[in-house]
Amino acid sequence: MEPIRVLIVDDELLVRSGLGMIVGSAPDLELVGTCSGGDAEECARRLKPQVVLLDVRMPDLDGLAVLRLLRALPDPPAVSMLTTFDTDEYIGTALRGGAAGFLLKDTAPDQLVHAVRVLAAGGSMLSPAVTRTVIGGYVEGGGPDADALALVRTLTGRELDVLALLGEGLANAEIADRLLLGTGTVKDHISAILSKLGAANRVQAAVIAHRAGLVRPARP
């Protein structure tokens, strides 16, 4: 199998170097390039990465603008936003704009490599420690959203259980353990959930879960 092609977009050379070393250390990943925000679209067109690790805050062209450009490409890569903050006000907008993940820059190397593999396979990744903060804090509205409620009413009871745990940022194995199901069964439920909700990925489904009030607010 050919390695997964990865592009890193960040304005800080030190960050690009550090992330590049992590990506390059995995035998099944290939760092095809690094660049700042202003060069991201050209680099993506030329290098054709499968996964882009994209900084949120950059001085020349911010991550949200870059995300829009990347998502408009004929064969858009999977994009995960990168930030040093777990309460970045741009993340909710990025997730709604099609970002497939959100990772903190201090994510452990092995977790970062795993995240790239998941993104390349069409999955989504959120740093578990900040899932509620990121999604719950920046979805629109202060209470349950009527459109989200209408969507989740199309789900079965078990699918609602799975969606609620997905909204907490749990992985398939963790959801399976919590609900005493097989991981294959959980995957089947998630596929059905995405189809019924019209969600492109797990992240968008998690946003809907929060908007519908399925995820209990985190205690102080």
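Provided above is the structure to which this section pertains.
Please read all numbers here as calculations on a predicted model, not as lab measurements.

About the thresholds
- Residues numbered from 1 in each chain as written.
- Predicted model: local features only at pLDDT ≥ 70, side-chain atom pairs only at ≥ 80, totals over all residues.
- Heavy atoms only, no water.
- Helix = DSSP H or I, 4+ residues; strand = E, 2+ residues; numbered from the N terminus.
- Buried < 20%, exposed > 50% of the residue type's maximum accessible area, 1.4 Å probe, protein only.
- Contact = heavy atoms within 4.5 Å.
- Pairing = 2+ DSSP bridges.
- Axes fitted to C-alpha atoms, helices over the stretch in contact; angles between N-to-C directions.
- Expected span 1.5 Å × (residues − 1).
- Right-handed = clockwise from strand over helix to strand, strands pointing away.
- Core = buried A, V, L, I, M, F, W, Y, C linked by side-chain atoms within 4.5 Å.

Asker: I would appreciate a short explanation of the overall build of the protein chain in the present structure.
Answerer: The number of helices and strands found in the protein chain is 11 helices and 6 strands. The burial tally for the protein chain puts 49% of its 220 residues in the buried class. Expressed as a percentage of contacts within the protein chain between residues at least 6 apart in sequence, the contacts between residues at least 24 apart total 68%.

Asker: What is the right way to look at the sheet that holds strand β4 (residues 78-83) in this model?
Answerer: The strands making up a sheet associate through hydrogen bonds between their backbones, and the pairing can be parallel or antiparallel. Read across the sheet, 6 strands follow the order β2-β1-β3-β4-β5-β6 without closing on themselves; strand pairing throughout is parallel. Strand pairing shows two members of the sheet lacking a second neighbour, β2 (29-35) and β6 (125-126), which therefore form its edges. As judged from the 4 bridges shared by strand β1 (residues 4-9) and strand β3 (residues 51-55), these two strands associate in the parallel manner. Paired with Ile8 across the bridge in β3 is Leu53. Of the strands in this sheet, β1, β2, β3, β4, β5 (101-104) and β6 touch helix α5 (residues 109-120), which is tilted by about 125 degrees from β3.

Asker: Is there a simple way to explain helix α10 (residues 183-197) in this structure?
Answerer: Each turn of an α-helix holds 3.6 residues, which means side chains three or four residues apart point in the same direction. In a regular helix each residue adds 1.5 Å, so 15 residues correspond to 21 Å; α10 covers 21 Å between its end C-alpha atoms and thus fits that length. Contacts from the buried residues of α10 go to α7 (146-152), α8 (157-167), α9 (172-179) and α11 (202-211).

Asker: I tried to follow the pairing of β4 on my own but got confused; where do I start?
Answerer: Within a regular beta strand, the side chains point alternately toward one face of the sheet and then the other, so they alternate between its two faces. Most of β4 sits out of view: 6 of its 6 residues are buried. In β4, alternate side chains face the same way, and those of Ala78, Ser80 and Leu82 on one face and Val79, Met81 and Thr83 on the other are all buried. When β3 meets β4, the two strands line up parallel, connected through 5 bridges. Within β4, the residue paired with Val51 across the bridge is Ala78. Read as a crossover between parallel neighbours, the route from β3 over helix α3 (residues 63-71) to β4 is right-handed. The pairing of β4 with β5 spans 4 bridges and is parallel. By the bridge assignment, Ser80 is partnered in β5 with Gly101.

Asker: Just checking my understanding: could you explain the nonpolar core for this structure?
Answerer: One broad rule of soluble globular proteins: the nonpolar side chains tend to lie buried together. In this structure, Leu7, Val9, Leu54 and Met81 are the most contacted members of the largest nonpolar core, which totals 26 residues. Going through the elements one at a time, β1, β2, α2 (40-47), β3, α3, β4, α4 (91-96) and β5 are the ones with two or more residues in this core. When neighbours within four sequence positions are excluded, Leu54 is seen to be in contact with Val9, Gly63, Val66, Leu67, Val79, Ser80, Met81 and Leu82. Counting residues in each nonpolar core, the second largest holds 23 residues, with Ile190, Ala205, Ala206 and Ala212 among its members.

Asker: When you look at the environment of Leu7 in this model, what are you seeing that I'm missing?
Answerer: Structurally, Leu7 is set in strand β1. By relative accessible area, Leu7 is classed as buried at 0%. Distance in space between the C-alpha atoms of Leu7 and Glu30 is 8.8 Å, their sequence separation being 23 residues. Ignoring sequence-local partners within four residues, the contact set of Leu7 consists of Val32, Gly33, Thr34, Cys35, Ala40, Cys43, Ala44, Leu47, Pro49, Val51, Val52 and Leu53.

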